[in-house]
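Observations on the three-dimensional arrangement
Letter by letter, the chains look like this.
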Amino acid sequence: MGLDIPGATGSRPDAVPLDESGAEDLLRGICFKTGPPRTVGVELEWLIHDRERPDLPVGRERLDSAVEAVRALPLSAALTFEPGGQLELSSQPAGSLMECVDTTAADLAAVRASLGAAGLAPVGLGVDPWQPPRRRLREPRYDAMEAALDRAGPAGRAMMCTSASVQVCLDAGAEEPGPLGYGRRWQLAHLLGAVLVAAFANSPFQQGRRTGWRSTRQSLWADLDPGRTLAPGSARAPREAWAAHVLDTTVLCIRCEEGPWDVPEGLTFREWIRTGSPRPPVRADLDYHLTTLFPPIRPRGHLELRMIDAQSGPDGWLVPLAVATALFDDPEAAETVYRAVKPLAETAGSPAAPRNPLWTAAAREGLADPELRAAATVCFAAALPALERMGASAAVLDTVAAFTDRFVARGRCPADDLPEPGDLTGQGLLMTDRSLLTGPSRLTGPVTPAGPDVPTGPVDRPARGPERLAGPPTIPPPPPRPGKAASA
């Protein structure tokens, strides 16, 4: 989630008002910066819980003290906290996958140790399985966001305060066509994105109950303000489609120097430019407006893949990072995967992601969906040799291979290894396999025990071959949600 831009309320008297053509030119120029893919980054969001009683809320003073200790760490990544107290590490752009993995692993080890000293733990789940939404940050941005998103229902507060993700950031791609061209990568992202949702779905609970979705987090995004979370239409070229989408999406808020920010209803950025009311928008307002749009793939000069649930275990986060990087940036893998996922466009149909049948099936069924399982099998098979070509370490290769064997080869996702609701104790404590959390990380060696993360079952890698394949459990469909077409 984008942060506020300090001091940039757009109300400076010397700021130049935007016109439509100027705004469109800016958007076309800043959102797809092309060139051969070279850099990669990752943003890791974590829920923060007491390591002994994760079902209980962490007190404000205790969390504030832990936050101050983490802020004092000499981290490479940028450190921020989300409205519900979730911690986010945003890596610097790295020149290679392994540089990104190594620096992020070192930062995460330091954060885990600091939180562990306070009896807290970063928990890798896409949605908090215990707590209701409880906003801790009282800032104008989040006051305005809450007011705007409440108009569409409760999903906004749940997203703001109880969700966590792994966001992979990759270069937009080359200007010329081909597997690494930005047009191909943009199209690939909106089909492969559904496969990533399904493969890494890890949020089947909300407030102590199984929701009927493998990725409850993705269902929340689909239930938000539909314009703000939709991908742009595919009828135009990427730059033109995105520029039109940005200008035709409603303004979440109009910032001001003093007092609460205005939260207009139904005012698009294009209309704001045309009317100039309550004040003419300027470049800083357009920049800020971009941070309030939450499509599954957000172009910010680079491509921000926003659809992946937070992952459990010391090294779970690196699997989506490594797999996504390999499938986008290795030309051979990109071509193979594009051919594998292109037929998914027929299932997706005309509605934009994430409100189309393909993305809904990914969030609800995970890899129990046969079409998504078949595509994921091809994608993960292509990722391993691509990672070898990219110089990935043995630890990264082993971690990706273990995930592939355990989940993809069996048509399962991490949500399928979480216990049934009956396995919640009377106190609401989700039983966990602590050995997964206190054991060594493949990347950093022994990690300071940081308490329960997620229950992931046995750690032995299953043998390859059909004799060890198991079908996914049957999960009942979610209850109907009146008025939510994407969840129907």
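Look up a bit, the structure's there.
Calculation notes
- Residues numbered from 1 in each chain as written.
- Predicted model: local features only at pLDDT ≥ 70, side-chain atom pairs only at ≥ 80, totals over all residues.
- Heavy atoms only, no water.
- Phe/Tyr/Trp six-rings, centres within 6.5 Å; stacked < 30°, edge-to-face > 60°.
- Helix = DSSP H or I, 4+ residues; strand = E, 2+ residues; numbered from the N terminus.
- Buried < 20%, exposed > 50% of the residue type's maximum accessible area, 1.4 Å probe, protein only.
- Polar contact = N/O pair within 3.5 Å; in protein donor to acceptor, adjacent residues only side chain to side chain.
- Pairing = 2+ DSSP bridges.
- Axes fitted to C-alpha atoms, helices over the stretch in contact; angles between N-to-C directions.
- Parallel < 35°, antiparallel > 145°, perpendicular 65-115°, else oblique.
- Contact = heavy atoms within 4.5 Å.
- Nonpolar A, V, L, I, M, F, W, Y, C, P; charged D, E, K, R; others polar.

On to the packing of aromatic side chains. On inspection of all chains with the given rule, the structure shows 9 aromatic pairs. With centroids separated by 5.8 Å and ring planes inclined at 50°, the aromatic side chains of Phe32 and Tyr182 adopt a geometry described as tilted. Placement of Phe32 in the loop between α1 (20-30) and β1 (40-50) and of Tyr182 in helix α6 (residues 182-199) is noted, with a sequence separation of 150 residues between them. The class of Tyr182 is buried, set by a relative accessible area of 12%. Ring centres of Phe200 and Phe380 lie 5.9 Å apart, and the angle between their planes is 50°; this geometry places the pair in the tilted category. Taken together, the residues Phe200 in the loop between α6 and β6 (205-206) and Phe380 in helix α16 (residues 370-389) connect sequence positions 180 residues apart.

For Gln167, the position within the fold is in strand β5 (residues 165-171). Among the polar contacts listed, one links the side chain of Gln167 to the side chain of Ser165, at a separation of 3.2 Å.

Let us look at the pairing of strand β4 (residues 120-123). On β4, burial covers both faces: Leu120 and Pro122 on one face and Ala121 and Val123 on the other are all buried. Relative to β4, β1 runs antiparallel, the two sharing 4 bridges. Directly across from Leu47, in β4, lies its bridge partner Val123.

Here we come to the packing of helix α9 (residues 238-248) against helix α11 (residues 283-291). Interaxial distance between α9 and α11 falls to 10 Å at its minimum, and their mutual angle equals 95°. Taken together, α9 and α11 sit at an angle that is classed as roughly perpendicular. On the side of α9, the interface is formed by Trp242, Val246 and Leu247, while α11 contributes Leu286, His289 and Leu290. Residue classes in the contact of α9 with α11 are distributed as 5 nonpolar, 1 polar and no charged.

Turning our eyes to something else, we now look at the environment of Ala322. As for its position among the elements, Ala322 is in helix α12 (residues 318-329). As a C-alpha pair, Ala322 and Met98 span 224 residues in sequence and 8.9 Å in three-dimensional space. Beyond its immediate chain neighbours, meaning those up to four positions away, Ala322 contacts Leu97, Leu387, Val396 and Val400.

Here we come to unusual backbone geometry. Note that the residue after Ser277, namely Pro278, is joined by a cis bond; omega there is 5°. Relative to the helices and strands, Pro278 is located in the loop between α10 (269-275) and α11. Geometrically, the link from Ala353 to Pro354 is a cis peptide bond, its omega value of 0° lying close to zero. Position of Pro354 relative to the elements: it lies in the loop between α14 (344-348) and α15 (357-365). In this model, Gln207 sits at a positive phi of 50°, which is unusual for a non-glycine residue. Topologically, Gln207 is positioned in the loop between β6 and β7 (209-210).

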